[in-house]
Amino acid sequence: MRIYLVVMDETEEAKLALRFASLRAMKTGGSVHILALVPQQTFNAFGGVQATIEQEARERAEVMANNAAGNVFGEMGKMPVITVKPGSPAEVIRKYIEDHGSIAALVLSTAKEGGKNPLVSHFAVHANALPCPVYIVPGNLTREQLDELA
């Protein structure tokens with residue numbers, strides 16, 4: 001079975017990548033895995049405060065991933081696999097793909113109007129280090145164009 005991995009955050013790019021992956025999964029009889037990343041904290045607070053900050057970040061990522069999964073379920077009728085992980089985005093994604101050998105593709109999207117997406121920039125250069133293709137969806141596609149391409 002083809003598994004399409006989408007890195008989920010609160011950006012429009014992530015939503016576009018998720019839609020593309022969901023449509024591809026429907027057409028190929030595959031499934032979608034949503035990987036929500038917990039942002040690394042750039043500062044250290046006192047013990048209890050730090051733990052609270054980290055827990056809130058994790059809970060926010062979980063809520064966002066579950067909302068996205070609900071949207072996919074509504075359209076596909078199939079619930080995606082949800083994983084929430086802390087750490088450096090590129091490292092977490094690479095490790096996830098290694099641990100799940102059946103990933104058919106990592107699906108990312110560019111920003112709509114020329115903004116930079118650090119994951120697209122990273123994996124466009126380091127795609128040869130992955131055991132699967134990287135699909136980069138143009139961020140300026142309309143919903144109709146995206147649906148037609150998928």
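Just so it is clear, the model here is predicted, and its values are computed rather than measured.

**Let's talk about the overall build of the chain**
The helix and strand tally for the chain stands at five helices and five strands. When the helices and strands of the chain are listed from N to C terminus, the series reads β-α-β-α-β-α-β-α-β-α. In terms of overall size, the chain behaves like a compact globule, its C-alpha atoms giving a radius of gyration of 15 Å where 150 residues would be expected to give roughly 15 Å. With 150 residues in all, the chain has 43% of them scored as buried.

**Re the nonpolar core**
Core analysis: the biggest nonpolar cluster contains 30 residues, and V6, M8, L18, V32, I34, V107 and V137 have the highest contact counts within it. Looking at this core, the elements with two or more residues in it are β1 (3-8), α1 (12-28), β2 (31-38), α2 (47-76) and β4 (103-109). The residues touching I34, leaving out its near neighbours within four places in the chain, are V6, M8, L18, A65, A68, A69, P80, V81, I82 and T83. Within the second largest apolar cluster, 19 residues are counted, among which are I3, L37, I103 and C132.

**Some points on the environment of E13**
Residue placement: E13 occurs in helix α1. When its relative accessible area of 17% is taken as the criterion, E13 is described as buried. Spatially, the C-alpha atom of E13 lies 7.4 Å from that of L108, the residues being 95 residues apart in sequence. Discounting chain neighbours no more than four positions away, the residues touching E13 are S109, T110, A111 and N117.

**Examining the side chain of T83**
Here T83 is to be found in strand β3 (residues 81-86). Excluding anything up to four places from it in sequence, T83 contacts I34, L35, A36 and Y96.

**Points about the confidence of the model for the chain**
Regions with low pLDDT should not have their predicted coordinates read in detail. Per-residue confidence for the chain gives a mean pLDDT of 89; residues scoring 70 or more make up 93%. Mean pLDDT per element in the chain: α2 is the minimum at 82, and β4 is the maximum at 97.

**Topic: the pairing of strand β5 (residues 134-137)**
In terms of strand pairing, β4 meets β5 through four bridges, oriented parallel. Considered in β5, the bridge of L108 is made with I136.

**So, the packing of helix α3 (residues 89-99) against helix α4 (residues 118-126)**
It is the contact of α3 with α4, at a shortest axis distance of 11 Å, that shows an interaxial angle of 55°. Accordingly, the angle class assigned to the pair α3 and α4 is oblique. At the point where α3 passes α4, the crossing takes the right-handed sense. When α3 is examined against α4, the residues P89, A90, I93 and R94 are found in contact with a partner set consisting of L119, H122, F123 and H126. Across the contact of α3 with α4, the residue classes tally to five nonpolar, two polar and one charged.

**Here's the deal with the environment of S102**
Within the secondary structure, S102 sits in the loop between α3 and β4. Note: C-alpha distance between S102 and Y4 (98 residues apart in sequence) is 9.2 Å. Among all residues touching S102, those that are not within four sequence positions of it are M1 and I3.

**Remarks on α3**
Taken together, the buried positions of α3 are A90, V92, I93, Y96 and I97. Around the axis of α3, the buried residues are gathered within 165° of arc, so they sit on the same side. Looking at α3, the residues exposed on the side facing more than 90 degrees away from the buried face are E91 and E98. On the buried face of α3, the contacting elements are β1, β2, β3, β4 and α4.

Reading the values: rules and limits
Residues numbered from 1 in each chain as written. Predicted model: local features only at pLDDT ≥ 70, side-chain atom pairs only at ≥ 80, totals over all residues. Heavy atoms only, no water. Helix = DSSP H or I, 4+ residues; strand = E, 2+ residues; numbered from the N terminus. Rg over C-alpha atoms; globule rule 2.2 N^0.38 Å. Buried < 20%, exposed > 50% of the residue type's maximum accessible area, 1.4 Å probe, protein only. Core = buried A, V, L, I, M, F, W, Y, C linked by side-chain atoms within 4.5 Å. Contact = heavy atoms within 4.5 Å. pLDDT = per-residue confidence, 0-100. Pairing = 2+ DSSP bridges. Axes fitted to C-alpha atoms, helices over the stretch in contact; angles between N-to-C directions. Parallel < 35°, antiparallel > 145°, perpendicular 65-115°, else oblique. Left-handed = near helix turned anticlockwise from the far one by under 90°. Nonpolar A, V, L, I, M, F, W, Y, C, P; charged D, E, K, R; others polar. Arc of directions from axis to C-beta.

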